[in-house]
Amino acid sequence: MTRNSDSGLSRRKFLIASGAAGLAGLAGCTENNTDNGSSGGDSEGEDSSGDGSNELSGTIDIAGSSTVFPLATAMGERFQTEHSEVNINLQSTGSGGGFANYFCTGQTDFNNASRPIKGEEETQCENNDVTPVELKVATDALTVIVNNDNDFIGEGLTVEQLRTIFSAESTPTTWSDVNSEWPDEEIEIYGPTDASGTYDYFIEAILGEEGPGHRQDYSATEQDRTIIQGVEGSEYAIGYLGFAYYSENTDAVQAVAIENDAGEFVEPSLDTALSGEYNPLSRPLFTYPARESLAENHVAEFARYWIDNATSREIVAEEVGYVPLSEDEQQEMLDTLNAAIEEAN
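Before going into details, it helps to say that this report is about the structure given with it. (Residues numbered from 1 in each chain as written. Predicted model: local features only at pLDDT ≥ 70, side-chain atom pairs only at ≥ 80, totals over all residues. Heavy atoms only, no water.)

### Re the overall build of the chain
No. 1: In terms of helices and strands, the chain carries 12 helices and 13 strands.
No. 2: Residue burial in the chain is summarised as follows: out of 345 residues, 55% are buried.
No. 3: In the chain, once contacts between residues fewer than 6 apart in sequence are set aside, the share between residues at least 24 apart is 75%.
No. 4: Entry remark: accessible area of the chain is about 14,400 Å², with carbon and sulfur atoms responsible for 40%. (Helix = DSSP H or I, 4+ residues; strand = E, 2+ residues; numbered from the N terminus. Buried < 20%, exposed > 50% of the residue type's maximum accessible area, 1.4 Å probe, protein only. Contact = heavy atoms within 4.5 Å. Areas by Shrake-Rupley, 256 points an atom, 1.4 Å probe, with all protein chains shown as cover.)

### Looking at the state of the cysteines
Here a disulfide denotes a covalent bond joining the sulfur atom of one cysteine to the sulfur atom of another.
No. 1: Applying the stated rule across the entire model yields 1 disulfide.
No. 2: Disulfide pairing is shown between C104 and C125; the S-S distance is 2.2 Å. Between C104 and C125, the S-S dihedral sits near -60 degrees, and the bridge is therefore left-handed. Taken as a pair, C104 in the loop between helix 3 (95-103) and strand 4 (110-113) and C125 in helix 4 (residues 119-127) lie far apart in primary sequence, 21 residues in all. Pair check on accessibility: C104 and C125 agree, each one buried. (Disulfide = S-S within 2.5 Å.)

### With respect to helix 11 (residues 313-320)
No. 1: Among all positions of helix 11, only I315, V316, A317, E319 and V320 are buried.
No. 2: Here helix 11 starts with a cap whose side-chain oxygen sits 3.4 Å from the backbone nitrogen of E314, and that cap is S312.
No. 3: One or two steps after helix 11, the chain reaches G321, where phi turns positive at roughly 110 degrees. (Polar contact = N/O pair within 3.5 Å; in protein donor to acceptor, adjacent residues only side chain to side chain.)

### Examining the packing of helix 10 (residues 297-308) against helix 12 (residues 327-344)
No. 1: Two numbers describe how helix 10 lies on helix 12: the axes approach to 10 Å, and their chain directions differ by 170 degrees. Our classification of the angle between helix 10 and helix 12 gives roughly antiparallel. Seen from helix 10, the contacting residues are A300, A303, R304, I307 and D308; seen from helix 12, they are Q330, M333, L334, L337, N338 and I341. (Axes fitted to C-alpha atoms, helices over the stretch in contact; angles between N-to-C directions. Parallel < 35°, antiparallel > 145°, perpendicular 65-115°, else oblique.)

### Thoughts on the environment of P183
No. 1: Residue position: P183 is located in the loop between helix 5 (159-166) and strand 7 (188-191).
No. 2: Among residues more than four places away in sequence, those in contact with P183 are F152, W175, S176 and Y236.

### With respect to unusual backbone geometry
No. 1: Residue N279 is joined to P280 through a cis peptide bond whose omega torsion reads 15 degrees.
No. 2: With respect to the helices, strands and loops of the structure, P280 is situated in the loop between helix 9 (270-275) and strand 13 (282-289).
No. 3: Even without being a glycine, T171 presents a positive backbone phi close to 35 degrees.
No. 4: With respect to the helices, strands and loops of the structure, T171 is situated in the loop between helix 5 and strand 7.

### Here's the deal with the pattern of salt bridges
No. 1: In the structure shown here, the tally under the stated rule is 10 salt bridges.
No. 2: Taking the shortest distance from any N to any O, the salt bridge between D200 and K118 comes out at 3.5 Å. Here the residue D200 occupies a position in helix 6 (residues 197-207), and K118 occupies one in the loop between strand 4 and helix 4, the gap between them amounting to 82 residues.
No. 3: Each of R115, K118, E121 and D200 takes part in a single network of salt bridges with overlapping partners. (Salt bridge = Lys/Arg side-chain N within 4 Å of Asp/Glu carboxyl O.)

### Let's talk about the environment of H83
No. 1: Tracing the sequence through the fold places H83 in strand 3 (residues 83-91).
No. 2: A residue is classified by how much of its surface remains accessible, and H83, at 5% relative accessible area, is buried.
No. 3: The spatial distance from the C-alpha of H83 to the C-alpha of H298 is 9.1 Å, given a sequence separation of 215 residues.

So, in structure tokens, the structure goes:
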């Protein structure tokens, strides 16, 4: 996959540093040339000083999905080059952890999510006077990975085999428990925690929401690099995570082709996710600004900036590794966002 070497290097360094700490501070801001108004300005976009500058300043707090984290990072880095007086605090907590512990309690302005907000999360938000605004920002291909020395899976895995490996009901101990022709070696499993939207989506797509649930005897982590390292380090390991992290580590692990609803084994890629061939593991990714926070001009402008750039193949696909929005999807999200900003003001 082609990368912009300078921006890609910067983002990878950022991910390594912030992944260890769990929290990243991004700074940004120059003169804002839009005329959307601000909490302290008039309808022409001028600030309260009357000099017509309308500079953006303030803090934006973001938590949530580790899958959306690299995309939020890329957007934040670019926004900071234009707006040096806006500070963006970005934290990877998992979709559910972000909703429950930060966003729905009113502590953050955005929550990133790799699945839609749940009913109980909406209720929690409502009880704390937080109104989430759902914005789709990309499409992901949830990726199953195995060790590079794994040569026995062959053309790929069926949904039924994935279900057998990860189900709380079957819990096979060895690979031969899944397929008698496979090695009689212990399966080592790595994946996200139950606070992750990736975990929730895997249950929905593979195990079924009414099924026995996800097995719990596995190495669970919110750090995607730990999943990569775990699978890389064991010949008989398997794991799953967002495509962007796999795309940065194609030399360390191999992606598994998954049998789709047409009976074809399809590898995850931007093209197969966009075409719909890579099913059932392609999925939408979201960010949720709080409508109340959109009353602040710097928050509203960052949200607009993100959606304005959500169709960028250079940023979303080539640098991060996801499928950009179509122009129709972008317009729908802009309409949703602008209506929420108007309501907030």
